[in-house]
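Analysis of the macromolecular model
Given next are the chains, with one letter for each unit.
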Amino acid sequence: MTEDRKVTELPGPPSLGQYYASAAARAALPGGSGRSLPATELVRRGVTVEQGHLADYARVCGFRVGNALPVTYPHMLTFPLQVVLMAGRSFPLPLPGLVHIANRITVHRAITPTETLDVRVWAQRFTRHPKGAQVDLIGEVSADGETVWSGRSTYLARGAKAPDGPTGGDDTDDTAGTADIAEPPVPTGPANALWRVPGDIGRRYAAVSGDVNPIHLHSLTAKAMGFPRAIAHGMWTAAHAVAALEGRIPDACTYDVVFRKPVLLPAKVELVTGSDAKGAWGLALRSAKDAEKLHLVGRVSG
């Protein structure tokens, strides 16, 4: 924690549906949002993993349930606090329609499912993007005062303005021109897996993640946000992709992901993976019909 952030402690898990509803109502009204990031840090202490929820998450994302939490699971603990922060009146970007465009996860050590954890979240780096404005939500998970997991989620609000004004850009790729996001190398070669992504995966992932952003749930609500159909959650694709590497990546690792073109539901996509001489793994999710159309590019390094 830094001295210029006000710490607000939450007594329990927030009800995300209510926060999305209030944020949607506020987004429909003129004004009401701040022009800078709130100097707030949200904290939950003494958090334990609900084993049934872990099993449901693993089932939806393709992980095994073992002696350590999946790489992406602690995001389930930080994400509710992200929503509370982004749904607040002082947050400068509207929560409905925010698009997750990049993510960095660092697992400092294996986390057992029975550990008691503290979770904290704050916002950082509100800046321009060629297609609007972007912001980072930072999450940290600790056990007995030791940071065991950290994550940086970068979100885009299309058409929004950062304090220093808008920039130009094209409509081909939400990540084009994104500040400070280095895209991992794209692995090449034949696909390692073919996914037939069902049309209801957005609702299924929302049920375990609490991410009920309307762009993921139904075509009608997605169209209202400018998408032709509902799109898969970025963190579902990131989780499902890294699940393919279970048993081949170290307990302590960094997982970088850039989300390219959204996966319009339903979809048929291919996963390509490959390792380099240093033992790092590259991942790419691409259209099964057009190998040049990338949905996700990632890298896992020790």
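Residues numbered from 1 in each chain as written. Predicted model: local features only at pLDDT ≥ 70, side-chain atom pairs only at ≥ 80, totals over all residues. Heavy atoms only, no water.

Quick notes on the overall build of the chain
Here is the rule we go by: Secondary structure elements are taken from DSSP: a helix is a run of H or I of four residues or more, a strand is a run of E of two residues or more, and numbering for both begins at the N terminus. Values of the radius of gyration come from C-alpha atoms, whereas the globule rule sets the reference at 2.2 Å times the count of residues to the power 0.38. The buried label applies to any residue whose accessible area, calculated with a 1.4 Å probe on protein chains only, is under 20% of its type's maximum; exposed applies above 50%, and partly exposed to all values in between. We call two residues in contact whenever any of their non-hydrogen atoms come within 4.5 Å of each other. Under the convention used here, a 1.4 Å probe and the Shrake-Rupley method define accessible areas, while residue burial counts only the protein chains that appear. Counted as positive: Lys and Arg. Counted as negative: Asp and Glu, with His and the chain ends omitted from the count. Taken as the charge centre is NZ of Lys, CZ of Arg, CG of Asp or CD of Glu, depending on the residue.
In terms of helices and strands, the chain carries six helices and eleven strands. Compactness check: the chain gives a C-alpha radius of gyration of 18 Å against a globular reference of 19 Å for 302 residues, within 12% of the reference. Taken across its 302 residues, the chain has 53% of its residues classed as buried. Pairs at least 24 residues apart make up 74% of the contacts formed inside the chain by residues separated by at least 6 positions. Split by element, the accessible area of the chain, about 13500 Å² in all, is 51% carbon and sulfur. Where the 32 positive side-chain charges of the chain centre and where its 28 negative ones centre are 7 Å apart.

Observations concerning the nonpolar core
Our working definition: Working definition of a nonpolar core: buried Ala, Val, Leu, Ile, Met, Phe, Trp, Tyr and Cys residues. They are joined through side-chain atoms within 4.5 Å.
Counting residues in hydrophobic clusters, the biggest one holds 85 residues, and the most contacted among them are Tyr57, Leu93, Leu137, Tyr205, Trp236, Tyr255 and Val300. In terms of residues, this core owes the most to one element, helix α3 (residues 75-86), which gives eight residues.

Quick look at the state of the cysteines
Convention followed: Here, the term disulfide refers to a pair of cysteine sulfur atoms separated by no more than 2.5 Å.
Using the criterion set out here, one finds zero disulfides in the structure. Looking at Cys61, it has no disulfide partner, and the nearest cysteine sulfur is the one in Cys253, 16 Å off. Looking at Cys253, the relative accessible area reads 2%, which means it is buried.

As for the pattern of salt bridges
Applicable threshold: The rule for a salt bridge is simple: a side-chain nitrogen of Lys or Arg has to be within 4 Å of a carboxyl oxygen of Asp or Glu.
Per the counting criterion, the structure on display carries twelve salt bridges. Ionic pairing is found between Arg45 and Glu9, a salt bridge with its closest N-O pair at 3.1 Å. Here Glu9 lies in strand β1 (residues 6-9) and Arg45 lies in strand β2 (residues 40-47), a separation of 36 residues in the sequence. Accessibility expressed as a relative area gives 45% for Glu9, which makes it partly exposed. One salt bridge connects Arg125 with Asp136, and the closest N-O pair in it is separated by 3.1 Å. Here Asp136 lies in strand β5 (residues 132-143) and Arg125 lies in strand β4 (residues 117-129), a separation of eleven residues in the sequence. Judged by its relative accessible area of 23%, Arg125 is partly exposed. Ionic contacts of the salt-bridge type, sharing partners, join the residues Arg5, Glu41 and Arg120 into one network.

So, the pairing of β2
What counts, and what does not: Any two strands between which DSSP finds at least two bridges are classified as paired.
The element β2 is extensively covered by neighbouring structure, given that six of its eight residues are classed as buried. Relative to β2, β1 runs parallel, the two being bridged by four bridges. Bridge pairing in β2 links Lys6 to Thr40. The pairing of β2 with β4 spans five bridges and is antiparallel. Each bridged residue has a counterpart across the sheet, and for Glu41 the counterpart in β4 is Trp122.

Some remarks on the packing of aromatic side chains
Threshold: Two aromatic rings, drawn from Phe, Tyr or Trp (for Trp, its six-membered ring), form a pair once their centres lie within 6.5 Å of each other, and the interplanar angle then sorts them: stacked below 30 degrees, edge-to-face above 60, tilted otherwise. Look at NZ for Lys and CZ for Arg. If either is within 6 Å of the ring centre and within 35 degrees of the ring normal, a charge sits over the ring.
Per the counting criterion, the structure on display carries three aromatic pairs. Here Tyr57 and Tyr73 contribute two aromatic rings whose centre-to-centre distance is 5.2 Å and whose plane-to-plane angle is 80 degrees, an arrangement assigned as edge-to-face. Taken together, the positions of Tyr57 in helix α2 (residues 51-61) and Tyr73 in the loop between α2 and α3 put the pair 16 residues apart, joining distant regions of the chain. Of the two residues, Tyr57 and Tyr73, neither departs from the other in class, the shared state being buried. An aromatic cluster of at least three residues, connected via ring pairs, comprises Tyr57, Phe63 and Tyr73. Cation over ring: Arg5 sits above Trp122, and NZ or CZ is 4.0 Å from the ring centre.

Here's the deal with the environment of Leu264
Tracing the sequence through the fold places Leu264 in the loop between β8 (253-259) and β9 (267-275). Once residues within four sequence positions are removed from consideration, Leu264 is found in contact with Pro228, Arg229, Ala230 and Ile231.

Comments concerning the side chain of His216
Residue position: His216 is located in the loop between α4 (201-209) and α5 (219-224). With near-sequence residues (within four places) excluded, His216 lies in contact with Gly202, Arg203, Asp211, Ala230, Ile231, Ala232 and His233.

Concerning the environment of Arg104
Applicable threshold: Two N or O atoms form a polar contact when they lie within 3.5 Å of each other; inside protein one atom must be a possible hydrogen donor and the other a possible acceptor, and for residues adjacent in sequence the pair counts only when both atoms belong to side chains.
You can see Arg104 is positioned in strand β3 (residues 99-107). Residue Arg104 is classed as partly exposed on the basis of its relative accessible area of 44%. Considering only alpha carbons, one finds Arg104 and Val300, 196 residues apart in sequence, at a separation of 9.9 Å. Every residue in contact with Arg104, bar those within four places of it in the chain, is listed here: Ser150, Gly151, Arg152, Thr254, Tyr255 and Asp256. A distance of 2.5 Å separates polar atoms of two side chains, one belonging to Arg104 and the other to Asp256.

These figures come from the coordinates and say nothing about function on their own.
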